[in-house]
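Each chain, written out:
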Amino acid sequence: MHKILVIKFGGTSVGSAEAMQQTISQIQVARQKWSQLVVVISAVSGVTDLLLSGAKLASSGNEKGAYEVAHELDEKHRRIINELLKSDKEKNFVENRLNTHIQEFSSLCHAIYVLGEASPRALDAVSSLGERISVNILAASLRELQCDATSVLSSKLIRTDSYFQAANPDMDTTREMSRTHLLPMLEQQIVPIVTGFIGSTDAGAITTLGRGGSDYSAGIIAVALEASELWICTDVDGVMTTDPRIASNAKTLDTIAHNEIVELASAGAQVVHPKAIGVIMDQNIDLWIRNTFNPEGAATRVVSDADVSQTQKRRAKAVTAVREQSLIALEGRGMLGVQGIAARTFGAAARVRANVTLIVQTSSEQSILFAVPSIVADQVVLELEREFYREFEWNDIEAVNVQNNVVIVTVIGSGLFATSEFSGRLFTALGENMVDVLSITQGTSGGSISVVVSKSDADNSVRAIHELIVGVS
Ligand code: ADP
Ligand code: ASP
Ligand code: MG
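Quick caveat, the model's predicted, so the values are computed rather than measured.

Visitor: How should the site of ligand 2 be read in this particular structure?
Guide: With respect to spatial proximity, the complete set of residues near ligand 2 consists of S42, T48, E131, F197, R211, G212, G213 and S214. A distance of 2.6 Å separates a nitrogen atom of ligand 2 from a polar atom in the side chain of E131. In this structure, an oxygen atom belonging to ligand 2 sits 3.4 Å away from a main-chain N or O atom of G213. Protein coverage of the free-state accessible area of ligand 2, which is 260 Å², stands at 85%. Considered class by class, the residues forming the shell around ligand 2 number one nonpolar, five polar and two charged.

Visitor: Quick question: what am I supposed to make of the site of ligand 1 here?
Guide: Ligand 1 sits among 16 residues. The nearest are T234, D235, M240, D243 and R245. Within the side chain of T234, a nitrogen or oxygen atom sits 2.7 Å from an oxygen atom of ligand 1. D235 has a polar side-chain atom sitting 2.7 Å from an oxygen atom of ligand 1. Here ligand 1, which alone exposes 570 Å², has 89% of that area covered by the protein. The class makeup of the residues in the shell around ligand 1 is five nonpolar, seven polar and four charged.

Visitor: I'm lost on the nonpolar core in this one. Help?
Guide: Note that soluble globular proteins tend to have their nonpolar side chains buried in a common cluster. By size, the foremost hydrophobic cluster in this structure holds 51 residues, and its most contacted members are V39, F105, L138 and I193. The element contributing the most residues to this core is helix 6 (residues 129-144), with eight residues.

Visitor: What's the story with helix 9 (residues 258-266) in this structure? I'm lost.
Guide: Residues of helix 9 that are buried include every one of H258, E260, I261, L264 and A265, and no others. All buried residues of helix 9 project into a common sector of 160° when viewed along the axis, lining one side. Summarising the contacts, the buried residues of helix 9 are in contact with strand 8 (255-257), helix 10 (274-280), strand 9 (286-291), strand 10 (300-303), strand 11 (318-331) and strand 14 (399-412). G268 occupies a position one or two residues after helix 9 and carries a positive phi of about 115°.

Visitor: I tried to follow the pairing of strand 14 on my own but got confused; where do I start?
Guide: Sheet faces and side chains relate simply in a regular strand, where the side chains alternate between the two faces. Relative to strand 14, strand 11 runs antiparallel, the two sharing 11 bridges. Paired with E331 across the strands is A399, a residue of strand 14. Pairing analysis gives seven bridges linking strand 14 to strand 16 (residues 448-454), with the strands arranged antiparallel. When the sheet's bridge partners are listed, I412 is paired in strand 16 with S448.

Visitor: Please explain the side chain of T201 as it appears in this structure.
Guide: Its place among the elements puts T201 in the loop between strand 5 (198-200) and strand 6 (206-208). Residues within four places of T201 in sequence aside, it is in contact with R159, T160, D161, S162, F164 and T207.

Visitor: Please clarify how the sheet that holds strand 11 should be interpreted in this entry.
Guide: Hydrogen bonds between backbone atoms are what pair the strands of a sheet, whose relative direction is either parallel or antiparallel. A sheet is described by the order of its strands in space; here six strands give the open sequence 12-13-11-14-16-15, paired in antiparallel fashion. Here the strands that pair on one side only, and so sit at the sheet edges, are strand 12 (358-361) and strand 15 (439-442). For this sheet the average axis-to-axis angle between neighbouring strands, irrespective of direction, equals 30°. The strands touched by helix 9 within the sheet are strand 11, strand 14 and strand 16, with strand 14 carrying the most contacts at an inclination of about 140°. Of the strands in this sheet, strand 11, strand 12 and strand 13 (367-373) are in contact with helix 12 (residues 341-351), which crosses strand 13 at around 15°.

Visitor: Would you take a moment to explain the pattern of salt bridges for this structure?
Guide: Side chains carrying opposite charge are able to pair once their charged atoms draw close together. Considering all chains together, one arrives at 18 salt bridges under this definition. The closest approach of N and O atoms between D243 and R245, which form a salt bridge, is 3.1 Å. Residue D243 is classed as partly exposed on the basis of its relative accessible area, which comes to 27%. Notably, a salt bridge pairs R351 with E387, separated by 2.8 Å at the nearest N-O pair. Taken as a pair, R351 in helix 12 and E387 in helix 13 (residues 374-387) lie far apart in primary sequence, 36 residues in all. On the accessibility criterion, R351 (46% relative accessible area) is partly exposed. Classification of E387 by relative accessible area gives partly exposed; the value is 22%. One connected set of salt bridges, linked through shared partners, spans R344, R351, E383, R386, E387 and E391.

Visitor: Honestly, the packing of helix 7 (residues 171-187) against helix 8 (residues 214-224) in this entry has me stumped. Any pointers?
Guide: For any two helices packed against each other, one specifies the inter-axial angle together with the distance between the axes. Direction vectors running N to C along helix 7 and helix 8 enclose 75°, while the axes themselves pass 9 Å from each other. Of the possible angle classes, the one that applies to helix 7 and helix 8 is roughly perpendicular. The segment helix 7 lies against helix 8, with M171, T174, R175, S178, R179 and L182 engaging I220, I221, V223 and A224. Tallied by class, residues from the contact of helix 7 with helix 8 come to six nonpolar, two polar and two charged.

Visitor: Would you explain helix 3 (residues 63-84) in this entry?
Guide: Residues lying three or four places apart along an α-helix face the same way, a consequence of the helix completing one turn every 3.6 residues. Taking 1.5 Å of rise per residue, 22 residues should cover 32 Å, and helix 3 covers 32 Å from first to last C-alpha, within 8% of that figure. For helix 3, the complete set of buried residues consists of E63, G65, A66, V69, A70, L73, D74, H77, I80, I81 and L84. Of the surrounding secondary structure, the elements contacted by the buried residues of helix 3 are helix 1 (17-33), helix 2 (47-59), helix 4 (88-115) and helix 6.

Visitor: Please clarify how the environment of H2 should be interpreted in this entry.
Guide: Relative to the helices and strands, H2 is located in the segment before strand 1 (4-9). Sequence spacing of H2 and Q361 is 359 residues, and the spatial spacing of their C-alpha atoms is 52 Å. In this view, H2 contacts S35 and Q36; residues no more than four positions away in its chain are not counted.

Visitor: Looking at this model, I keep getting lost on the sheet that holds strand 7 (residues 229-234). Mind explaining?
Guide: With respect to topology, eight strands assemble into an open sheet ordered 3-4-2-1-7-9-10-8, the strand pairing being mixed. Strand pairing shows two members of the sheet lacking a second neighbour, strand 3 (149-152) and strand 8, which therefore form its edges. Each strand axis lies, on average, 20° off the axis of its neighbour in the sheet, ignoring direction. With five bridges joining them, strand 1 and strand 7 adopt parallel strand pairing. Directly across from I7, in strand 7, lies its bridge partner W231. Contacts from helix 8 reach strand 1, strand 2 (36-41), strand 4 (191-195) and strand 7, with the element oriented near 155° to strand 2.

Visitor: So what exactly am I meant to see when it comes to unusual backbone geometry here?
Guide: What is expected of a backbone is that most residues other than glycine have negative phi and most peptide bonds are trans. A positive phi angle, near 60°, is found at R353, a position not held by glycine. The residue M434 is not glycine, and still its phi comes out positive at about 60°. Inspection of the secondary structure assignment puts M434 in the loop between helix 15 (420-432) and strand 15.

Conventions and cut-offs
- Residues numbered from 1 in each chain as written.
- Chains lettered and ligands numbered in written order.
- Predicted model: local features only at pLDDT ≥ 70, side-chain atom pairs only at ≥ 80, totals over all residues.
- Heavy atoms only, no water.
- Near = heavy atom within 4 Å.
- Polar contact = N/O pair within 3.5 Å; in protein donor to acceptor, adjacent residues only side chain to side chain.
- Areas by Shrake-Rupley, 256 points an atom, 1.4 Å probe, with all protein chains shown as cover.
- Nonpolar A, V, L, I, M, F, W, Y, C, P; charged D, E, K, R; others polar.
- Core = buried A, V, L, I, M, F, W, Y, C linked by side-chain atoms within 4.5 Å.
- Buried < 20%, exposed > 50% of the residue type's maximum accessible area, 1.4 Å probe, protein only.
- Helix = DSSP H or I, 4+ residues; strand = E, 2+ residues; numbered from the N terminus.
- Arc of directions from axis to C-beta.
- Contact = heavy atoms within 4.5 Å.
- Pairing = 2+ DSSP bridges.
- Axes fitted to C-alpha atoms, helices over the stretch in contact; angles between N-to-C directions.
- Salt bridge = Lys/Arg side-chain N within 4 Å of Asp/Glu carboxyl O.
- Parallel < 35°, antiparallel > 145°, perpendicular 65-115°, else oblique.
- Expected span 1.5 Å × (residues − 1).

Take a look at the structure:
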């Protein structure tokens, strides 16, 4: 049996004609070594945001604004097509597909405008268009270079539930669909260029796997095909000690353990989607994070937790931040001893689909503090007021306090916080930088520590903690 490599390229790797050329040369190099290659790609960078902004304009009654977005989308892709594709045949084919997709976008926006709202299902139909366009461009360009490539809609490969905007795969059906569709192509040495981000329900409706979900698509397909390796190719040299946009002295980590990268990704490091790691864990798939634009440069290999040496384990590995968060505090002396307050609190958050990003509860049970993305904070507060209206009436709960504009800064390193020494240095460093820490929590496995700080202190906090990390490694 041939070994399969799945490579995923993110938005910046297909963000311009030049970037696409880099991606193509990566594919050509990989093809020399791997006869069976599956490529998963994102939308052109910025396109998913643009698509969603069009839907938002339409739902707020501004149909003209949505049509302007359609024009911008058309221009953005046409520029890449014109620079990249040489033959009339491929150019005409891709331009025709683009026209159809732009028309579909305009029709969807019109429907949203008429209804006056965009349902999660409609938003998935809209936001899936970016990947549906980009795969055609890349596949056509590869064909021009005599590489037998074909674009593939992942809605034919990934079966999901109907949890639109963050759909979950049904792995058994997905395995069957992916294998039936892709293995014959691989046997004929065809390179499938697969849309990231997209799945479909039993009834055939398009779903998406959540923002940044192309990594997850690649992980799902790698598992379904029992691939030997998965490469996530992005615009930085692998997983680094922090986001290089915040600290220019960030360094690449040669290796990182599964549980460390899950913590890091869940705590805001965009570099890879946490669900992508979750799905390939224990699957015997070698995972690499590489730089499309620096293929010979440093890269990160994700290793099993057991493969991390004891010395590595005691190190702080990386620091990251999750932004645009709100802290919500439920407070009241009457909360003491009332059964089920926590369950009801988080039940209320779940009902409005809020991701709870941090939880602190004092042992006196007189307050619960948690963080959610600011975008859903108002909805969570309303739902809490609904859930606890009796307790409010009886004054058992006195207030729901909200603090907006906070950032959760998390430092990770498995086993690190079994030693108290690092925590001491961390708080000293924050203190020296005049950072006010609003809250603190430690990961259950002792592999992370998070501090909540105000937005204005966020980058300083990351840099201060980062100095401790690069100082010891
Ligand atoms: P892609 O479009 O390829 O999926 P993303 O923008 O989603 O790429 O993720 C890559 C970005 O993640 C990098 O450009 C970098 O700024 C950011 N990032 C945040 N934290 C880290 C980290 N610890 N290591 C590497 N990159 C990070
Ligand atoms: N295009 C999608 C997004 O911007 C998915 C991805 O890039 O991973 O969220
Ligand atoms: Mg990404």
